[in-house]
Amino acid sequence: MNSSHTSQSSPDIPLDRRQVLAGSLAGASAIALGCASPSNPSPTPTPTNAPTVMTTQAAPFTLPALPYADTALEPVMSAKTFSFHYAKHHKAYVDNLNNLVKDNAELSALSLEALIKKVAGDSTKAGVFNNAAQVWNHTFFWNSMRPGGGGAPTGRLLEKINASFGDYEKFKTAFSDAAKTQFGSGWAWLVDDGGKLAVLKTGNAETPLTQGKKCLITLDVWEHAYYLDFQNRRPDYITAFLDKLVNWEFAEKNLG
Ligand code: MN3
């Protein structure tokens, strides 16, 4: 645990570094949750709430490559955290989801986003919803950060934040409060709600996708997201996200 701030990569990380780098070079617009191959090209994407992450691919879903190397966010978020949070937690949601829908022709024909919306609120499909939404939320979260990120945005996004919250500092306070006060596991979000930006928090796997809101940025506040690097200090993790990691270019793309 005391090696979590080292910049050295751990030998036990089950990631193909070349694949991760390829994902980084390809850029966020090429991130796919499906299983595109040269012989099975992706269909033309249709507009979604999150066009830079989502595709129209149906099951079986694959774990998308990280948009940067697993060491790229050190020392704030360590490769060791990625070795668990991405390579084990995120992967498990993908595997669980594929197992849950593989014998259901209707559900396995849907894109991830359509699947999430289809089963939301259906108590008989809670397992499908939880795993599908966690696949989507985590992919969105990796893209909500970048090396050298953080600080106030500029341009159109800053204007929208100022118009919606008063100024950037008031936004930071609102976002931090939501992330701190989400009791137990969940997520903090910046969303576009009909042209006005808002901060939300959701529990467990819940996502603003199902509320018809356009997601701009998210922060995972499950303990597995920060315990290796920050132990119990969730407020320090939130501050580090906002000051050093948040990817405002991704948020601006999501504004559309
Ligand atoms: Mn997580």
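Our structure is the block above this text.
Values in this document were obtained by computation on a predicted structure and should not be read as measured data.

Trainee: Would you mind showing me how to read the overall build of the chain here?
Mentor: For the chain, the count of helices and strands is ten helices and three strands. Element order for the chain, N to C, with α for helix and β for strand: α-α-α-α-α-α-α-β-β-β-α-α-α. Buried residues in the chain amount to 48% of all 256 residues. In the chain, the proportion of contacts linking residues at least 24 apart, taken out of those at least 6 apart, comes to 70%. Approximately 11400 Å² of the chain is accessible, and the part contributed by carbon and sulfur atoms is 53%.

Trainee: Explanation requested: helix 6 (residues 155–165) in the structure shown.
Mentor: Helical periodicity: at 3.6 residues per turn, an α-helix aligns residues three or four positions apart in one direction. For helix 6, the complete set of buried residues consists of L157, I161, S164 and F165. For helix 6, the buried positions fall inside an angular range of 75° around the axis, keeping them on one side. Facing away from the buried side of helix 6 by over 90 degrees, the exposed positions are E159 and A163. In the core, the buried residues of helix 6 are packed alongside helix 7 (168–181), strand 1 (186–193), strand 2 (196–203) and helix 10 (248–255).

Trainee: Whenever I open this one, the nonpolar core confuses me. Can you help?
Mentor: It is characteristic of soluble globular proteins that their nonpolar side chains tend to be buried jointly. Within the largest apolar cluster, 64 residues are counted, with the highest numbers of intra-cluster contacts made by L219, Y237, F241 and W248. At nine residues, the largest contribution of residues to this core is made by helix 5 (residues 126–143). Here this core gathers at least three residues from each of two domains, domain 1 (15–143) and domain 2 (155–255). Other than its neighbours up to four places away in sequence, Y237 contacts M77, F141, L219, D220, V221, A225, Y226 and F230.

Trainee: Help me out: how do you make sense of the sheet that holds strand 3 (residues 214–220) in this one?
Mentor: The strands making up a sheet associate through hydrogen bonds between their backbones, and the pairing can be parallel or antiparallel. A sheet is described by the order of its strands in space; here three strands give the open sequence 2-1-3, paired in antiparallel fashion. Either end of the sheet is taken by a strand with one partner, and the two such strands are strand 2 and strand 3. The average angle at which neighbouring strand axes cross in this sheet is 20°, direction not considered. Examined bridge by bridge, strand 1 and strand 2 share eight bridges and lie antiparallel to one another. Bridge pairing in strand 2 links D193 to K196. Of the strands in this sheet, strand 1 and strand 2 are in contact with helix 6, which crosses strand 2 at around 80°. Along the sheet, helix 7 contacts strand 1, strand 2 and strand 3; its crossing angle with strand 2, the most-contacted strand, is approximately 15°.

Trainee: Would you take a moment to explain the coordination of the manganese ion for this structure?
Mentor: Each pair of donors in an ideal four-coordinate tetrahedral metal site encloses 109.5 degrees, whereas pairs in an ideal six-coordinate octahedral site enclose 90 or 180 degrees. In this structure, H85 (NE2), H138 (NE2), D220 (OD) and H224 (NE2) serve as the protein donors to the manganese ion, at separations of 1.9 to 2.2 Å. The sequence motif formed by the donor residues of the manganese ion is H-x52-H-x81-D-x3-H. Here H85, found in helix 2 (residues 79–101), pairs with H224, found in helix 8 (residues 223–230); they are 139 residues apart in sequence, far enough to count as distant. Both residues of the pair, H85 and H224, belong to the buried class.

Trainee: Got a minute to help me understand the pairing of strand 3 in this structure?
Mentor: Side-chain direction in a regular strand flips from residue to residue, so the side chains alternate between the two faces of the sheet. Summarising burial for strand 3: six of the seven residues are buried, a large majority. Taken together, the six bridges between strand 1 and strand 3 define a ladder with antiparallel strand orientation. Paired with W189 across the strands is T218, a residue of strand 3.

Trainee: Just to check I follow, could you spell out the packing of aromatic side chains for this structure?
Mentor: Any aromatic ring pair is given by two values, namely how distant the centres are and how the planes are angled relative to each other. Using the criterion set out here, one finds 19 aromatic pairs in the structure. Their ring planes at 65° and their centres at 5.4 Å tell us that F165 and F171 sit as a pair that is edge-to-face. Among the residues examined, F165 registers a relative accessible area of 16% and is labelled buried. Here F171 falls in the buried class, since its relative accessible area comes to 1%. Connected via pairs of aromatic rings, a cluster forms that spans Y68, F82, Y86, W136, F140, F141, W142, W187, W189 and F250.

Trainee: Can you help me understand unusual backbone geometry in this one?
Mentor: Outside of glycine, negative phi angles account for most residues, and trans bonds account for most peptide bonds. Of note, the bond from A59 into P60 is cis; its omega dihedral lies within 30 degrees of zero at 0°. Here the residue pair E74 and P75 is connected by a cis peptide bond, since its omega of 5° sits within 30 degrees of zero. Mapped onto the secondary structure, P75 falls in the loop between helix 1 (17–26) and helix 2. The phi dihedral of N204 falls on the positive side, at around 50°, and the residue is not glycine. For N204, the location among the structural elements is in the loop between strand 2 and strand 3. Given a relative accessible area of 47%, N204 falls into the partly exposed group. Look at Q231: it is not a glycine, yet its phi comes out positive at around 50°. With respect to the helices and strands, Q231 occurs in the loop between helix 8 and helix 9 (234–245).

Conventions used here
Residues numbered from 1 in each chain as written. Predicted model: local features only at pLDDT ≥ 70, side-chain atom pairs only at ≥ 80, totals over all residues. Heavy atoms only, no water. Helix = DSSP H or I, 4+ residues; strand = E, 2+ residues; numbered from the N terminus. Buried < 20%, exposed > 50% of the residue type's maximum accessible area, 1.4 Å probe, protein only. Contact = heavy atoms within 4.5 Å. Areas by Shrake-Rupley, 256 points an atom, 1.4 Å probe, with all protein chains shown as cover. Arc of directions from axis to C-beta. Core = buried A, V, L, I, M, F, W, Y, C linked by side-chain atoms within 4.5 Å. Domains from an automatic or database assignment. Pairing = 2+ DSSP bridges. Axes fitted to C-alpha atoms, helices over the stretch in contact; angles between N-to-C directions. Donors = N, O, S within 2.8 Å, 3.2 Å for Na, K, Ca; no water. Phe/Tyr/Trp six-rings, centres within 6.5 Å; stacked < 30°, edge-to-face > 60°.

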